Amino acid sequence: MAFEESIIQLKGMGKEFKTANGPVVALDNINLDIYRGEIFGIIGLSGAGKSTLVRCINMLEVPTSGQVIFEGQNLAAMSPAGQRKARQSMGMIFQQFNLLAQRNVLRNVCFPMEIAGTHTKAEAKERAMELLQLVGLEDRAKAYPAQLSGGQKQRVAIARAIATNPKVLLCDEATSALDPNTTKQILQLLKQINQDFGITVIVITHEMAVIEAICDRVAIIDHSQIAEVGKVADIFSEPKSKIGRQLILGDAVNNVKFDLARKFRITFDGRESMEPVLANMILASKVPVNILYASTRDIGGTAVGQMIVQFPEDEADAMRALNYLKSVKIPFEEVTGDDV
Amino acid sequence: MFSPQIMELIQNGIGETLYMVFISTAVSYLIGIPLGIILVVTDKDGIRPVPVLPQVLGILINLLRSIPFLILLIMMMPVTRKIVGTSLGWKAVVPPLVAAAAPYIARMVESSFKEIDAGVIEAAKSMGASTWQIVWKVLLPESRPSLLVGAAISTTTILGYSAMAGAVGGGGLGGIAINYGYYRYETDMMFLTVAILVIIVQIVQEVGMRLSRSSDKRIR
Ligand SMILES: Nc1ncnc2c1ncn2[C@@H]1O[C@H](COP(=O)(O)OP(=O)(O)O)[C@@H](O)[C@H]1O
Ligand SMILES: [Mg+2]
């Protein structure tokens, strides 16, 4: 699938909050093109500016610089009424679901149709029932939000968000309050809605797994700026930014330096099998290992031979790994220079 | 124990008290709810911030609330006479009761609205809801249970004020308690009227709490 036509363009967008402790820059020179029909992910650590970014897309937050172009129109230049109208073409779901607690499920789904005034009461009810069917909750129409599980609440929120046939669905950490299984189901539902109705979906998350599961493209945001943008497959196979490597490969790999690290010779004398020893050492000490040289043979399930490894430069890390080796009584000695 | 005349007097007193409390509460809510809405909506973190207005309103409300009720009652007498034509009897208590209760109710309503999760209001905004739609379809219905609790508390407070008004010729049960219990040393009468006031407060409070609980859909 190729997406070509832009539905949302962010041009040099910035957002600065004025606070008691001076200005806080939440977004800085954001340039993004989001294509019609795609599932676009935005990932970043907590506080990176993700929520502010989506809230600028539907003008819940007014950018302090740059432009938000939705279907060719500059949202900031619109009248408040025009902006409200535009928002009706952009559904939104939230981490905390944000359902109306005093309305039952059916009336929650009717809510945006009441706001938009697009349907008569009877029509709204009928459409709401269809939507509840779509999200698999037609039998809970009369229930109140307090009687639903997190996953069910998010389904209601999704039904509500697409009730007025929006062109875009904004999802701010929509699965972050859900368990892994429910997360999978909600993500599948979002994918289905994207495919069946052609709704452009923008997914905000701090979890790589969410991006991996459903997104076509992803932008990585770090400290208020876009670090990189691209197809998910490309970014996953070769993250170019530091934050990208950190998010994708995890903390350990990124921060560790081996250049000046000490080298150790580990000797396997046949009492232990090599692989569990190394795997257990890494798990127990949380220290990555660089294997420089190995000459071992597996004899009847146990290892015989030697191996030269490097631990990270950080002394404490190295000590933890060595302590583990001591505790399982694997002999080791430090080697220096090129004495390999 | 009590003569039929006394019983009739008490009956009338109950009637007057209920009447003035009901009318004062109703009028106070007619003023207090819009004030509460304005306070919340125009707040700097509100749906539609307006500079200065909420602060000025807040100061006025605090000012009215800081005047002791008896003083307010006396201070307002000329105004009261203009509005209801007399400065005696239960009718004359209604204007000062409203002046004391409306700002109190505005604060109650304000705090009920502030209990609503900001996320829910944000969701309504994201659907393109106007300020009025948010007030009608989110603030008021979502705070219904809290508003009902507030109404019970406000009504009982107004009842307390109304009894105080008896001291300056305000009629009702408070008037009976003062006239018979205080001026004529008929302590029986005083205890009886106080007991009736206590019962009315209990009933109003209990009914309010029950209505609130039974209307609250957050309870499974
Ligand atoms: N209303 C606000 N007032 C002041 N600062 C804010 C406000 N909203 C967000 N921020 C700040 O902007 C930055 C980005 O926040 P946010 O967009 O919520 O990040 P994320 O969703 O990625 O965790 C943070 O430093 C946050 O403290
Ligand atoms: Mg966020």
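Residues numbered from 1 in each chain as written. Chains lettered and ligands numbered in written order. Predicted model: local features only at pLDDT ≥ 70, side-chain atom pairs only at ≥ 80, totals over all residues. Heavy atoms only, no water.

Participant: Any chance you could explain the overall build of chain A here in plain terms?
Facilitator: Each helix and strand counted, chain A has twelve helices and 14 strands in total. Each principal axis of the C-alpha distribution contributes one length, and for chain A these read about 80 × 45 × 45 Å. Within chain A, contacts between residues separated by at least 24 positions form 69% of all contacts whose residues are at least 6 apart in sequence. Here chain A displays about 16000 Å² of accessible surface, and carbon together with sulfur accounts for 49% of that area. A gap of 8 Å separates the mean positions of the 37 positive and 39 negative side-chain charges of chain A. (Helix = DSSP H or I, 4+ residues; strand = E, 2+ residues; numbered from the N terminus. Contact = heavy atoms within 4.5 Å. Areas by Shrake-Rupley, 256 points an atom, 1.4 Å probe, with all protein chains shown as cover. Lys, Arg positive; Asp, Glu negative; His and termini not counted. Charge placed at Lys NZ, Arg CZ, Asp CG, Glu CD.)

Participant: It is not clear to me how the sheet that holds strand 4 (residues 65-70) of chain A should be interpreted in this structure. Could you clarify?
Facilitator: Residues and elements named next belong to chain A. Taken in spatial order, the four strands line up as 2-1-4-5 in an open sheet, and their pairing is antiparallel. Only two strands of the sheet have a single partner each, and these edge strands are strand 2 (22-35) and strand 5 (73-74). Alignment of strand 1 (residues 6-19) against strand 2, held across ten bridges, turns out to be antiparallel. Its bridge partner lying in strand 2, Met-13 is registered against Ile-30. (Pairing = 2+ DSSP bridges.)

Participant: Explain the interface of chain B and chain A here, please?
Facilitator: Facing the 24 residues of chain B at the interface are 23 residues of chain A. On the chain B side of the interface with chain A, the three residues burying the most area are B:Ser126, B:Met127 and B:Lys217, jointly 30% of the side's total. In this structure, the connection of chain B to chain A is made through two salt bridges. Ionic pairing is found between B:Lys137 and A:Glu114, a salt bridge with its closest N-O pair at 2.7 Å. (Buried area = accessible area lost by both parts, 1.4 Å probe. Salt bridge = Lys/Arg side-chain N within 4 Å of Asp/Glu carboxyl O.)

Participant: Any chance you could explain the nonpolar core here in plain terms?
Facilitator: Of all hydrophobic cores here, the largest spans 83 residues; its most connected members are A:Ile8, A:Leu10, A:Leu53, A:Ile202 and B:Leu139. With nine residues, helix 5 (residues 94-114) of chain B is the largest single contributor of residues to this core. Those residues in contact with A:Leu10, other than ones at most four positions away along the chain, are A:Ile30, A:Asn31, A:Leu32, A:Leu53, A:Ile57, A:Gln67 and A:Val68. Among the nonpolar cores identified, the runner-up in size contains 50 residues, and A:Cys110, A:Val135, A:Ala141 and A:Ile193 belong to it. (Core = buried A, V, L, I, M, F, W, Y, C linked by side-chain atoms within 4.5 Å. Buried < 20%, exposed > 50% of the residue type's maximum accessible area, 1.4 Å probe, protein only.)

Participant: Is there a simple way to think about helix 7 (residues 131-142) of chain B in this case?
Facilitator: For an α-helix the count is 3.6 residues per turn, leaving residues at separations of three or four pointing the same way. Those residues of helix 7 of chain B lying buried are B:Thr131, B:Gln133, B:Ile134, B:Val135, B:Val138, B:Leu139, B:Leu140 and B:Glu142. At its buried positions, helix 7 of chain B is contacted by helix 3 (105-116) of chain A together with helix 1 (4-42), helix 5, helix 6 (118-126) and helix 8 (144-165) of chain B.

Participant: Is there a simple way to explain the sheet that holds strand 7 (residues 168-172) of chain A in this structure?
Facilitator: Backbone hydrogen bonds are what pair the strands of a sheet, in a parallel or an antiparallel way. Residues and elements named next belong to chain A. Read across the sheet, six strands follow the order 6-7-8-3-9-10 without closing on themselves; strand pairing throughout is mixed. Strands with a single pairing partner mark the edges of an open sheet, and in this sheet they are strand 6 (90-94) and strand 10 (225-231). For this sheet, the mean angle separating the axes of adjacent strands, direction not counted, is 15 degrees. In this sheet, strand 8 (residues 200-205) lies alongside strand 7 in parallel orientation, the contact comprising five bridges. Across the sheet, Val-168 pairs through a bridge with Thr-200, a residue of strand 8. (Axes fitted to C-alpha atoms, helices over the stretch in contact; angles between N-to-C directions.)

Participant: Is there a simple way to explain the state of the cysteines in this structure?
Facilitator: Covalently bonding the sulfur atom of one cysteine to the sulfur atom of another cysteine gives a disulfide. All names here are of chain A. Scanning the model with the defined rule gives zero disulfides over all chains in all. You can see Cys-171 has no disulfide; the closest cysteine sulfur is in Cys-215, sitting 9.1 Å from it. A residue is classified by how much of its surface remains accessible, and Cys-171, at 1% relative accessible area, is buried. (Disulfide = S-S within 2.5 Å.)

Geometric values such as these leave the question of function open.
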